Amino acid sequence: MLIRLDLSDATLFGNDAGEDENESVLLSYFVDQVAFADFLDPRNRLWIANGRKGTGKSALLVRFAHSLRTSTEQPKPLVIHVVPSQLVALKEPPATDNHILLENYWKQVICAAINMELARDIGFAWTDNQMALVESAEVAGFGGRNLIGALLARLVGKITVGGSIELAPRPQPTANHEQLLGRIRHEDRLRRPVWFLLDDLDAKYQNSAAQQAFISSFFSAGRSLVKQSSGIGIRATVRTDVWASLTAAEDMDKVEQYRTEIVWSATQQKAMLANRVLAYFKRTEPGSEIARGWTTGEHSDALIECAFVARMKWGQSYAPAEHVVRVLGGGRPRWIAQLCRMAGVNAVRDGKNRIAVHHITQAMGEFGRRRLSDLYKEHHYQFADLRRLVESFGGGPRRYATAELVRRIEDRYVAPTGAARIPPVDGAPFRDSLQIARLLYKCGFVNGNNAARATLAMPEFVTYDGRPDLLEADTNLDDGMVWEVQPAYRNILQIS
């Protein structure tokens, strides 16, 4: 069956940012996995998801928020879905690394955000507690103002059964949001589950003692709140590299049990690519045979072949399209979607109705520039001179034995820079070139290549997430593998 897709349609492969995607569209191609079960289970009142940049943390949070809002549970849960900048607008965090003070700050802004949402949900000031909430919301700029609400903003209003409005003197404002939240939850009208969802907890993170204390204290605050109240649930997302930097922080050993790591297998990523194509047909051609009768479980290959040629030249052999875009896209859903979108535009310019491998390679220059930008932003805090280090691989080979990798770093970066001027490596003083090689592996700039022994259980490329034990001093450095610069970076760095 020859099906023509509009490969230049930016919506075909989805929005780069899960939080910006139309919710129904995101859910139409979202791929569930067993590892998400604990995060998505509302019986678990505290849970955190961590993953690398672009792996779907925000999408998972949207998926959970949707399940809460469409739940048949009564009373209907109140859902607060925010990012850190919205909380800072409520109250500036204290300039301290004191864990107790920071934990108290997080409690205050979490409760304040919940109060603001309650105010928005109330609409009118029914009681003194609710009135204080509305006033707080107006002060913070979150109030849903209307004429009646504005007139009653300084008074307690109570609508009687007959519809008349009774006015009473304004109560004293309640400044302590945590105390007010406790008071308001005793009222029958508002005795309902409250869910606080915080996305991108580590926004603008820097690896300092103050930042570590700031992020880790959130988890302590969350544990405390769900323990103190029977009606509050909390979800948050954080990058994997940031989570790793917090392991020695206070109370983090107690939070580890409430964590889901987001990783994607090749099979799951194939399903996601097929889901995107099927969802597009359902949106644009709902009456078609594909939209009505096809499923990703039975027709994943055929769905992918609607957008891509079936087999692509890959080294000395051929590989399915999903393998090519997964490897070149670094295995991250956001990156894969970006690469597919750019390749689709190239295919349309070429007058083709399916994406071929040369359309993908044509996109690798601009795609690689974006990926390098992401790499620097994501990992700069781990190594302040990351840009110069990465550029020292420019024009070189793509593949290195361990000794060759260490020598490349020594000759092209350490020697020209001078050991005394090399900044700390992932929080530790510079020691040797092997230490830097491990950092590059940890950041995903180089991956292990075990092509000679590749199986479904052991993929062709081995990442730090799969084998964090490699390139450690005094251990098995490479398990017989060689190291390859991640394909996304090769074109822009002119790596052969």
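For clarity, every value in this text was computed on a predicted model and none was experimentally measured. (Residues numbered from 1 in each chain as written. Predicted model: local features only at pLDDT ≥ 70, side-chain atom pairs only at ≥ 80, totals over all residues. Heavy atoms only, no water.)

1. Describing the overall build of the protein chain
Stage number 1. The secondary structure content of the protein chain amounts to 20 helices and 13 strands.
Stage number 2. Counting over 496 residues, the protein chain shows a buried share of 51%.
Stage number 3. Considering only intrachain contacts with a sequence separation of at least 6, the fraction spanning at least 24 residues in the protein chain is 68%.
Stage number 4. Of the roughly 22700 Å² of accessible surface on the protein chain, a fraction of 51% belongs to carbon and sulfur atoms. (Helix = DSSP H or I, 4+ residues; strand = E, 2+ residues; numbered from the N terminus. Buried < 20%, exposed > 50% of the residue type's maximum accessible area, 1.4 Å probe, protein only. Contact = heavy atoms within 4.5 Å. Areas by Shrake-Rupley, 256 points an atom, 1.4 Å probe, with all protein chains shown as cover.)

2. Section: the pairing of strand S1 (residues 46-51)
Two faces make up the sheet, and in a regular strand the side chains alternate between them.
Stage number 1. Here S1 lies mainly inside the structure; 6 of its 6 residues are buried.
Stage number 2. Every second residue of S1 is oriented toward a common face, with Leu46, Ile48 and Asn50 on one face and Trp47, Ala49 and Gly51 on the other, all of them buried.
Stage number 3. Bridging between S1 and strand S6 (residues 232-239) involves 6 bridges; their strand directions are parallel. When the sheet's bridge partners are listed, Ala49 is paired in S6 with Thr237.
Stage number 4. As paired elements, S1 and strand S7 (residues 259-261) share 3 bridges and run parallel to each other. Residue Ala49 lies in a different strand from S7, and its bridge partner there is Thr260. (Pairing = 2+ DSSP bridges.)

3. So, the pairing of strand S5 (residues 194-198)
Stage number 1. Taken across its 5 residues, S5 has 5 buried, putting it largely inside the fold.
Stage number 2. Residues Val194, Phe196 and Leu198 point to one face of S5 and Trp195 and Leu197 to the other, with burial holding for every one of them.
Stage number 3. The sheet contact formed by strand S2 (residues 78-82) and S5 spans 5 bridges and is parallel. Paired with Val82 across the two strands is Leu198, which belongs to S5.
Stage number 4. Strand direction decides the pairing type here: S5 and S6, joined by 5 bridges, are parallel. By the bridge assignment, Phe196 is partnered in S6 with Ile234.
Stage number 5. Of the crossover connections in this fold, the one passing from S5 over helix H9 (residues 209-228) to the parallel S6 is right-handed. (Right-handed = clockwise from strand over helix to strand, strands pointing away.)

4. Considering the packing of helix H19 (residues 402-417) against helix H20 (residues 433-443)
Stage number 1. Contact geometry of H19 with H20 gives a least axis separation of 9 Å together with a crossing angle of 105°. Compared by their axis directions, H19 and H20 come out roughly perpendicular. On H20, the residues that touch Leu405, Val406, Ile409, Glu410, Tyr413 and Val414 of H19 are Ser433, Leu434, Ile436, Ala437 and Leu440.
Stage number 2. Counted by class, the contact of H19 with H20 contains 9 nonpolar, 1 polar and 1 charged residues. (Axes fitted to C-alpha atoms, helices over the stretch in contact; angles between N-to-C directions. Parallel < 35°, antiparallel > 145°, perpendicular 65-115°, else oblique. Nonpolar A, V, L, I, M, F, W, Y, C, P; charged D, E, K, R; others polar.)

5. Topic: the packing of aromatic side chains
The geometry of two aromatic rings is summed up by the distance between their centres and the angle between their planes.
Stage number 1. Overall, the coordinates contain 19 aromatic pairs when judged by the stated rule.
Stage number 2. Ring centres of Trp47 and Tyr258 lie 6.1 Å apart, and the angle between their planes is 75°; on these two criteria the pair is classed as edge-to-face. Placement of the pair is Trp47 in strand S1 and Tyr258 in the loop between helix H11 (252-255) and S7, with a sequence separation of 211 residues.
Stage number 3. Classification of Tyr258 by relative accessible area gives partly exposed; the value is 25%.
Stage number 4. When the centroid spacing of 5.3 Å and the interplanar angle of 65° are considered together, the rings of Phe393 and Phe445 count as edge-to-face. With a gap of 52 residues between them, Phe393 in the loop between helix H18 (386-391) and strand S10 (399-400) and Phe445 in the loop between H20 and strand S11 (446-449) connect regions that are remote in the sequence.
Stage number 5. Ring pairs connect the aromatic residues Tyr105, Trp106, Phe214, Phe218, Phe219 and Trp243, which therefore count as one cluster.
Stage number 6. The residue whose ring lies beneath Arg276 is Tyr29, and the NZ or CZ to ring-centre distance is 4.4 Å.
Stage number 7. Sitting over the face of the ring of Tyr318, Lys313 holds its NZ or CZ atom 5.9 Å from the ring centroid. (Phe/Tyr/Trp six-rings, centres within 6.5 Å; stacked < 30°, edge-to-face > 60°. Lys NZ or Arg CZ within 6 Å of the ring centre and 35° of its normal.)

6. What to know about the environment of Leu386
Stage number 1. Structurally, the position occupied by Leu386 is in helix H18.
Stage number 2. The exposure class of Leu386 is buried, given its relative accessible area of 2%.
Stage number 3. In sequence terms Leu386 and Ile436 are 50 residues apart; their C-alpha atoms lie 10.0 Å from each other.

7. So, the pattern of salt bridges
Stage number 1. Under the counting rule described, the total for this entry stands at 23 salt bridges.
Stage number 2. Salt-bridge contacts for Lys442 lead to Asp426; the nearest nitrogen and oxygen are separated by 2.6 Å. With Lys442 in helix H20 and Asp426 in the loop between H19 and H20, this pair connects stretches of sequence that are 16 residues apart.
Stage number 3. On the basis of relative accessibility, which here comes to 28%, the residue Asp426 falls in the partly exposed class.
Stage number 4. Here the salt bridges do not stand alone but share partners, grouping Glu256, Arg259 and Glu261 into one network. (Salt bridge = Lys/Arg side-chain N within 4 Å of Asp/Glu carboxyl O.)

8. Here's the deal with the confidence of the model for the protein chain
Any segment with low pLDDT has predicted coordinates that should not be analysed in fine detail.
Stage number 1. A residue-level look at the protein chain finds 83% of positions with pLDDT of 70 or above and a mean pLDDT of 84.
Stage number 2. With pLDDT under 50 throughout, residues 128-173 is counted as low confidence; its partners more than four residues away or in other chains account for 78 contacts. (pLDDT = per-residue confidence, 0-100.)

9. Concerning helix H14 (residues 296-305)
Stage number 1. Turning to H14, its buried residues number three or more, namely His299, Ser300, Leu303 and Ile304. One face of H14 carries all of its buried residues, which in axial projection span an arc of 160°.
Stage number 2. Taken together, the buried residues of H14 touch helix H12 (266-284), helix H13 (289-293) and helix H15 (321-328). (Arc of directions from axis to C-beta.)

10. Observations concerning the packing of H15 against helix H17 (residues 357-379)
Stage number 1. Viewed as axis vectors pointing N to C, H15 and H17 meet at an angle of 15°, and their least axial separation amounts to 12 Å. Taken as axis vectors, H15 and H17 run roughly parallel relative to one another. Here the hand of the crossing between H15 and H17 comes out right-handed. Residues Val324, Val325 and Leu328 of H15 lie in contact with H17, whose contacting residues are Ile360, Met364 and Phe367.
Stage number 2. Of the residues belonging to the contact of H15 with H17, the class tally is 6 nonpolar, no polar and no charged. (Left-handed = near helix turned anticlockwise from the far one by under 90°.)

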